[in-house]
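Inside the fold
One letter stands for each residue in the lines below.
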Amino acid sequence: MNAMIHKDVPIGVPGMGGHLMLEFSPSGELQDAMSTQSFIYVCVVSEFNLAELEACLTLRPQHLVLVVSSFSKLAKSCERLQNVLQVRLPDMQIHRPDQMFDRQFGGEDILKLQGWIASALRPCIDAIRADYQQNHSGEPALPLVFNATGGTKAIGMSLLTRMPWDEVHYKGFSVNELQRLALLNNEWVSRGEPYKVIAAAPLEVARLYADKVEQMNIGLHNAERHSTLAQQIWDGLQQQEPGIEALFGWLAEIWSQGRGNPEYNQKRLLLDVPAKLQTPPALGWIERFSALHDGSFAFDGEQLVVPGNKPQKQYKAVQKWIAGDWLEQLTHHWLLEAGVLTTEMARGVVVNPQDGSSSDGNREADLFVHRKGRSFLIEMKTDLPPETQEKSIEQQLESMGDRFGKTTKVLMVGPHFRRNLEQRERWDAFKAKLAINGTHLCDSRETLQKALGLL
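Residues numbered from 1 in each chain as written. Predicted model: local features only at pLDDT ≥ 70, side-chain atom pairs only at ≥ 80, totals over all residues. Heavy atoms only, no water.

Side note on the environment of V350
Along the chain, V350 falls in strand β15 (residues 345–351). Expressed as a C-alpha distance, the spacing of V350 and Q215, which sit 135 residues apart in the sequence, is 6.0 Å. (Helix = DSSP H or I, 4+ residues; strand = E, 2+ residues; numbered from the N terminus.)

Some thoughts on the sheet that holds strand β13 (residues 298–299)
Spatially, three strands are ordered β12-β14-β13 in an open sheet, and the strand pairing comes out antiparallel. Here the strands that pair on one side only, and so sit at the sheet edges, are β12 (268–272) and β13. (Pairing = 2+ DSSP bridges.)

Considerations on the packing of aromatic side chains
The full count for this structure, using the stated rule, is 10 aromatic pairs. The interplanar angle of 75° and the centroid separation of 5.7 Å between the aromatic rings of F39 and Y41 together place this pair among those described as edge-to-face. Relative to F289, the ring of W285 lies with its centre 6.3 Å away and its plane at 55°, an arrangement referred to as tilted. Here W285 pairs with F289, and both are found in helix α9 (residues 280–289), just four residues apart, close to one helical turn. The rings of F248, W285, F289 and F297 are connected pair by pair, giving a single aromatic cluster. The ring of W285 has R288 lying over it, and the distance from NZ or CZ to the ring centre is 4.2 Å. In this structure, K406 is placed above the aromatic ring of F48, and the distance from its NZ or CZ to the ring centre is 4.8 Å. (Phe/Tyr/Trp six-rings, centres within 6.5 Å; stacked < 30°, edge-to-face > 60°. Lys NZ or Arg CZ within 6 Å of the ring centre and 35° of its normal.)

Notes on the pattern of salt bridges
Inspection of every chain in the model, using the stated rule, returns 23 salt bridges. Residue D325 is joined to K320 by a salt bridge in which the shortest nitrogen-to-oxygen separation is 2.7 Å. We note a salt bridge from E337 to R445, for which the minimum N-O separation is 2.6 Å. Of this pair, E337 sits in helix α10 (residues 314–337) while R445 sits in helix α14 (residues 445–451), placing them 108 residues apart in sequence. One connected set of salt bridges, linked through shared partners, spans K76, E79, R80 and D211. (Salt bridge = Lys/Arg side-chain N within 4 Å of Asp/Glu carboxyl O.)

Digging into the side chain of N49
As for its placement among the helices and strands, N49 is situated in the loop between β3 (40–44) and α1 (50–59). Within the structure, the side chain of N49 is placed 2.7 Å from the backbone oxygen of S46, a separation counted as a polar contact. Sequence-distant contacts of N49, that is, excluding residues within four places in its chain, are made with V44, S77, L81, L208 and Y209. (Polar contact = N/O pair within 3.5 Å; in protein donor to acceptor, adjacent residues only side chain to side chain. Contact = heavy atoms within 4.5 Å.)

Quick word on the nonpolar core
One finds F289, F297, I322, W326 and I378 to be the most contacted residues of the largest nonpolar core, which totals 47 residues. Ignoring anything within four residues of it in the chain, the contact list for I378 reads T331, L335, D366, L367, V369, V410, M412, L448 and L452. Core analysis: the next-biggest nonpolar cluster, separate from the first, contains 40 residues, F39, L66, A200 and L203 among them. (Core = buried A, V, L, I, M, F, W, Y, C linked by side-chain atoms within 4.5 Å. Buried < 20%, exposed > 50% of the residue type's maximum accessible area, 1.4 Å probe, protein only.)

Considerations on the confidence of the model for the chain
Confidence in the prediction for the chain averages 87 pLDDT; 88% of positions are at 70 or higher. Note that residues 26–31 has pLDDT below 50 and, in this model, 19 contacts with residues that lie over four places away or in other chains. In the model, residues 357–361 has pLDDT below 50 throughout and makes seven contacts with residues more than four positions away in sequence or in other chains. (pLDDT = per-residue confidence, 0-100.)

Side note on the environment of R162
Structurally, R162 can be placed in helix α5 (residues 153–162). Here R162 falls in the partly exposed class, since its relative accessible area comes to 28%. Distance from R162 to R122, taken between C-alpha atoms, is 9.7 Å for residues 40 residues apart in sequence.

Topic: the side chain of S375
With respect to the helices and strands, S375 occurs in strand β17 (residues 374–381). Overall, S375 belongs to the buried group, its relative accessible area being 4%. Contacts of S375, omitting those with residues within four sequence positions, involve L50, V205, F368, V369, H370, K406, T407 and T408.

Let's talk about α10
Across its 24 residues, α10 extends only 28 Å between first and last C-alpha, which sits more than 12% below the 34 Å expected from 1.5 Å per residue. Maximum bend of α10: about 75°, positioned at G324. With respect to burial, α10 is a largely interior element, 18 of its 24 residues being buried. Following α10 by one or two positions, G339 has its phi on the positive side, about 110°. (Expected span 1.5 Å × (residues − 1). Bend = angle between axes of the 7 residues up to and from the residue.)

Encoded structure:
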C-alpha cells in the first residue's frame, strides 16, 4: 500500500470542546517503515511482557525505547525484559526516557502523560535520530514504530494521539501475529500483511518473571528405549497387568511407606525377591527395568538390587524415573510425536531456586511448553497416595499462579491416579473443580493433545 497522507486533512478523535488532533508521520506516505532494521521501536513495559519480547525477537530493531511507568512492580519487570533481550539481541540499543531525563509518570493520568511525552519521550527520540543522522548524513530519518499491545489504556491513548508514528503494531492474545496499522483520514488502515511472530524459548519466557531460572538434572532422558519403556508402563497400568502392579506395589512399600525404615536408608539395597514377584510377568518387568542403568536395578536369579532411600547419582536417577519421571518422559515424547519441537519444551524448570525469603522461590514446572505465542504449564502425577487429598493437588497448582507468566495449566495423571479417585467416587468432582480454575485434567494422549490445541 502506498497511499498519500495529505497534511491539510484533519485526523483526530472527538474531544472536549472540539477535536484532539493526531500528529502526522513526517514521512508523508504510507511507505514500508519496516523495510530495514534501522528503525525506532517503542514498547510499553507491563507486568507481562511476552508480546513485546517476541515482537523484538521477530523484528530485531536497531533501537528499542521502553516506556516504563512508576508502578512499583514494573522496575523489576523491565529489568528482566532487558536482561533477556541483551542476551538474545546484543546489538540492539535499549533506551529508557524515564532514566535519561529523570522524569517519572504514573500511567493513569492522561494529561500528565502528555507532559511526560513532551519532556522525556520526544527528546529521547530526537536524540536517537540526531545521533543516527551524524553517522548517516543524507539518509531519511529513522522510522518511528509503536507496539500498542501492552500498558494501561491511558498510556495507549496518550502515545497513539501525541506521537507521529510511521507504523503501529498490535498482537491479540489468541493470535500469533503482529497486526500492522497506520492512521489515515481518521481511520486505521493496514500497513501490509501481519508479521508471523517468532516464539521465545521456554526458559526465556520464564526469565521474564523470575530473577533466576534453572533446569533440574532430570537424569534419564533423551533415550528412545526409555520412552518405549515408559509407554509399556502406561499400557501395563492401563490394563492392570498383574506383573507391573505387583512390582510397583512392592517398590512403594520401600520408597514410600518405608521412608522411616532405617534399613532402607542406604545408597542401594540387596533384597530377596518376594514370592509375588517370582512370576514370569513380574520378572519380565524387572528385566526391563534393569536396562535403565547398569547395576542400579539388577536381578541375579535370587536377589534384587534396587536404589535405597538415600540414593546417589545414577541410583537416584533410576529411582526417580521409576517413581514418576517415566510419566514426564512419556508426556514429553507424546508431544514430540504430535509435532511440538524440542526447542518449544523445557523439563524441570525451577524459578528462584533456594530463595526462602520470597514466596516465588523454589517453584518447579515438570514440563513448560511455549509455542505459537501460548505457554502451558504441565504438572504430572502418577498416583494419589491413600493419605493424600486431592485438595492438596489443587492448592499446588493454584500456588503456581503467574510465576511463569500467563499460562494454561495442565495436570497430566497416570492410570493409578484416575483409578484411585474413581474408587473414591471423586474423579468427576475433581475434574470439574480444576476446570473452574482453568486447569485441564488429562488422562490420555488424546486429552493431552486437545489441551494444547494439537487436535
